[in-house]
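# Topology and contacts: notes
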Amino acid sequence: MAVPQSVQGDKPNLLGMTLPEMTRFFAELGEKPFRAKQVFRWIHHFGVDHFESMTDLAKSLREKLPTVTTITPPKLMTSQESKDGTRKWLLDVGTGNGIEVVFIPEDDRGTLCVSSQVGCALDCTFCSTGKQGFNRNLTSAEIIGQLWWANKAMGRNPKDERIVSNVVMMGMGEPLANFDPVTNAMDIMLDDHGYGLSRRRVTLSTSGIVPNLIRLKTRCPVALAVSLHAPNDELRDILVPINQKYPLTELFAAIKDYLEAAPRDFVTFEYVMLSGVNDSVQQAHELVKLVADIKCKINLIPWNPFPQADYQRSSNNAIHRFREVLQNADLIVTIRKTRGDDIDAACGQLAGQVVDKSNRKTIALKSIPA
Ligand code: SAH
Ligand code: SF4
């Protein structure tokens, strides 16, 4: 099979296959393409993970499928609900590792924050996922499995309004460091026979792995958020170390190019507010200059604390002063509301359970394109 990231144990896992992959798989079994479509819909529309319930398949096929394949979602470990309605699930992905997925309900939408890796190798200094170390990339089944679980846990019925209307790839990990599984999972999110989300409602957030951002433009253009966090290379080299490899000039050129194909004509810059580090008025002016010729929105994120971190969240005054400078330059600025912090579900608090494998971290970093 040409779909190694969908393999669970020794049998291919249908959960992580895109529709074209599943169609090829069924062809190899001597089955017609519409059979793949039926099974794909059972899994993603109806949340079914056993073949006996797929009542419109011939009995012989229902009996054959479990002998050659499987539908294996990650296992649910814990489920928590915040005072503000935010929900968080910890999913078991084996060998002591857990990943977190968070649902944030708002008046006009429901956003699911999805993880792409167990930990993260990029080690941004202010991020608790980074501080947890890195274990491994998630498979496409484990990535789409988070949306599958959220719909199941919240009782999605395909005839109802969609509960999850938006997905943000902003959970644990760097999505562009796990390119094929992430883009395959996003294909399933976008597929009308899958979750039918529009490209505008799926946002990928990256710290800026430039060669893979260039690939994303043709492979699977979705809405884009970039973790900027500093107005110049000198500071960004420290806060977001991958900047040493892909500095701002290269990153901005890639973003501008990406926007030609993107479903939204702007990029969202995320800027975490760290007291005394990146939140001065002078740095706000520098940021205005930096983004002057790129269509963007700026999302200021009050830093969320975690144990053993050396930073402090900027004061409300500092955040508002910073915003004012940007707004006076006609930039669109939002301040991210902190949601779910009573259950550690806020941005950057997603630590899951990571068995750190430093040797794998080195391997992961080497696999990032030069
Ligand atoms: N790896 C990707 C996506 C995951 S992080 C990226 O870096 O973009 C999602 C967002 O949360 C990023 O903008 C990240 O910089 C921010 N973040 C990380 N740690 C944080 C913290 N402790 N407080 C607030 N935001 C944080
Ligand atoms: Fe990784 Fe993103 Fe955290 Fe940086 S901010 S360590 S890229 S998850």
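Anything mentioned here points back to the structure above.
Residues numbered from 1 in each chain as written. Chains lettered and ligands numbered in written order. Predicted model: local features only at pLDDT ≥ 70, side-chain atom pairs only at ≥ 80, totals over all residues. Heavy atoms only, no water.

## Topic: the packing of aromatic side chains
Applicable threshold: Ring pairs shown here join Phe, Tyr and Trp side chains whose ring centres sit within 6.5 Å, with only the six-membered ring taken for Trp; geometry is labelled stacked below 30 degrees between planes, edge-to-face above 60, and tilted in between. Going along the chain from the N terminus, every DSSP run of H or I of four or more residues is numbered as a helix, and every run of E of two or more is numbered as a strand. Here, over-ring charges are defined by two tests on the NZ atom of lysine or the CZ atom of arginine: distance to the ring centre within 6 Å, and angle to the ring normal within 35 degrees.
On inspection of all chains with the given rule, the structure shows 7 aromatic pairs. Ring geometry for phenylalanine 252 versus phenylalanine 269: centroids 5.3 Å apart, planes at 15°, classification stacked. Of this pair, phenylalanine 252 sits in helix H9 (residues 248–259) while phenylalanine 269 sits in strand S12 (residues 267–273), and the two are 17 residues apart along the sequence. When the ring centre of phenylalanine 179 is taken as reference, the NZ or CZ atom of arginine 215 above it lies at 3.9 Å.

## Some words on the packing of helix H7 (residues 210–219) against H9
Rule in force here: Each axis is a line fitted through C-alpha atoms, and for a helix only the stretch in contact is used; angles between axes span 0 to 180 degrees, taken between their N-to-C directions. For classification, angles of less than 35 degrees are called roughly parallel, those exceeding 145 degrees roughly antiparallel, those between 65 and 115 degrees roughly perpendicular, and all remaining angles oblique. The contact rule is simple, with two residues in contact once any of their heavy atoms fall within 4.5 Å. Note on residue classes: Ala, Val, Leu, Ile, Met, Phe, Trp, Tyr, Cys and Pro are nonpolar, Asp, Glu, Lys and Arg are charged, and everything else, Gly too, is polar.
Packing of H7 against H9 leaves a shortest axis separation of 9 Å and a crossing angle of 5°. Relative to H9, the element H7 is oriented roughly parallel. Counting all contacts with H7, which are made through Val210, Leu213, Ile214, Leu216 and Lys217, the residues of H9 involved are Glu250, Leu251, Ala254, Ile255, Asp257 and Tyr258. Residues of the contact of H7 with H9, tallied by class, amount to 8 nonpolar, no polar and 3 charged.

## Observations concerning the pairing of strand S6 (residues 110–113)
Selection criterion: Exposure is judged per residue with a 1.4 Å probe applied to protein chains only, and the accessible area is read against the type maximum: over 50% gives exposed, under 20% gives buried, and values in between give partly exposed. We call two strands paired when DSSP finds no fewer than two bridges between them.
Judged by which residues are buried, S6 turns out to be covered on both faces: Gly110 and Leu112 on one side and Thr111 and Cys113 on the other are all buried. Where strand S5 (residues 98–105) and S6 come together, 4 bridges link them in antiparallel fashion. In the sheet register, phenylalanine 103 faces S6, and the bridge partner there is leucine 112. Counting the residues that bridge the hairpin from S5 to S6 gives 4 residues. Inspection of the sheet shows S6 paired to strand S9 (residues 166–169) by 3 bridges, in the parallel sense. Paired with leucine 112 across the two strands is valine 167, which belongs to S9.

## With respect to the pattern of salt bridges
Under the convention used in this document: By definition here, a salt bridge exists when the distance from a side-chain nitrogen of Lys or Arg to a carboxyl oxygen of Asp or Glu is within 4 Å.
According to the stated counting rule, one finds 14 salt bridges in the structure shown. Among the ionic pairs, glutamate 31 bridges to lysine 64, the shortest N-O distance being 3.5 Å. Taken together, the positions of glutamate 31 in the loop between helix H1 (19–28) and helix H2 (33–44) and lysine 64 in helix H3 (residues 59–68) put the pair 33 residues apart, joining distant regions of the chain. A relative accessible area of 31% means that lysine 64 is categorised as partly exposed. Within this structure, Glu106, Asp108 and Arg109 form a network of salt bridges that share partners.

## Here's the deal with the sheet that holds S9
With respect to topology, 10 strands assemble into an open sheet ordered S3-S4-S5-S6-S9-S10-S11-S12-S13-S14, the strand pairing being mixed. Strands with a single pairing partner mark the edges of an open sheet, and in this sheet they are strand S3 (75–81) and strand S14 (332–335). Direction aside, neighbouring strands of the sheet carry axes that sit 20° apart on average. In the packing of helix H5 (residues 140–153) onto the sheet, contacts are made with S3, strand S4 (87–92), S5, S6 and S9, and the angle to S4 comes to roughly 130°.

## Quick word on unusual backbone geometry
Positive phi, normally seen in glycine, also occurs at glutamine 308, with a value near 65°. Mapped onto the elements of the fold, glutamine 308 is located in the loop between strand S13 (296–302) and helix H11 (316–328). Here aspartate 330, not a glycine, exhibits a phi torsion of approximately 65°, which is positive.

## Looking at the site of ligand 1
The following threshold applies: A molecule or strand has a residue near it when one of that residue's heavy atoms lies within 4 Å. Under the rule applied, a polar contact is a pair of N or O atoms within 3.5 Å (in protein, one hydrogen donor and one hydrogen acceptor; residues adjacent in sequence only if both atoms are side-chain atoms).
Lining the immediate environment of ligand 1, one finds 20 residues, of which Gly173, Ser205, Ser227, His229 and Asn304 sit closest. Phenylalanine 126 is positioned with one of its backbone polar atoms (N or O) 3.2 Å from a nitrogen atom of ligand 1. Taking glutamate 174, its side chain carries an N or O atom lying 3.3 Å from a nitrogen atom of ligand 1. When residues of the shell around ligand 1 are traced back to their parent elements, those giving at least two are strand S10 (202–206), S12 and S13. Grouping the constituent residues of the shell around ligand 1 by class yields 9 nonpolar, 9 polar and 2 charged.

## Here we look at the packing of H1 against H2
Let me state the cut-off plainly: Handedness of a crossing follows from how the near helix is turned relative to the far one, being left-handed for an anticlockwise turn of less than a right angle and right-handed for a clockwise one.
Relative orientation of the contacting elements H1 and H2 amounts to 130°, with a least axis distance of 8 Å. By the angle class used here, H1 and H2 are oblique. Here H1 runs over H2; the crossing is right-handed. Taking contact as the criterion, the partners of Leu19, Met22, Thr23 and Phe26 in H1 are, on H2, Pro33, Arg35, Ala36, Lys37, Val39, Phe40 and Ile43. Of the residues belonging to the contact of H1 with H2, the class tally is 8 nonpolar, 1 polar and 2 charged.

## Examining the nonpolar core
The criterion, for reference: Side-chain atoms within 4.5 Å link the members of a nonpolar core, which is a set of buried Ala, Val, Leu, Ile, Met, Phe, Trp, Tyr and Cys residues. Residue ranges labeled as domains rest on an automatic or database domain assignment.
With 107 residues, the main nonpolar core has Leu112, Phe126, Met186, Ile255, Phe269 and Val291 as its most contacted residues. Counting contributing residues per domain, this core is built from domain 1 (7–68) and domain 2 (75–365), each supplying no fewer than three. Not counting residues up to four positions away in its chain, the partners in contact with methionine 186 are Met169, Val202, Leu204, Leu216, Cys220 and Val222.

## Re helix H10 (residues 281–290)
Test applied: To obtain the arc, one takes the directions from the helix axis to the C-beta atoms.
If you check which residues of H10 are buried, you get Gln283, Ala284, Leu287, Val288 and Leu290. All buried residues of H10 fall inside an arc of 160° around its axis, so they share one side. Counted as exposed and oriented over 90 degrees from the buried face of H10: Gln282 and Lys289. For H10, the elements touching its buried residues are helix H8 (233–239), H9, S12, S13 and H11.

## Looking at helix H6 (residues 179–190)
Worth spelling out the cut-off: What a helix should span is 1.5 Å times the count of its residues minus one.
Along its 12 residues, H6 runs 16 Å from first to last C-alpha, staying within 8% of the 16 Å computed at 1.5 Å per residue. Within H6, 10 of the 12 residues are buried, which leaves the element mostly enclosed by the surrounding structure. By the burial criterion, the buried members of H6 are Phe179, Pro181, Val182, Thr183, Asn184, Ala185, Met186, Ile188, Met189 and Leu190. Against the buried residues of H6 lie H1, H2, H5, S9, S10 and H7.

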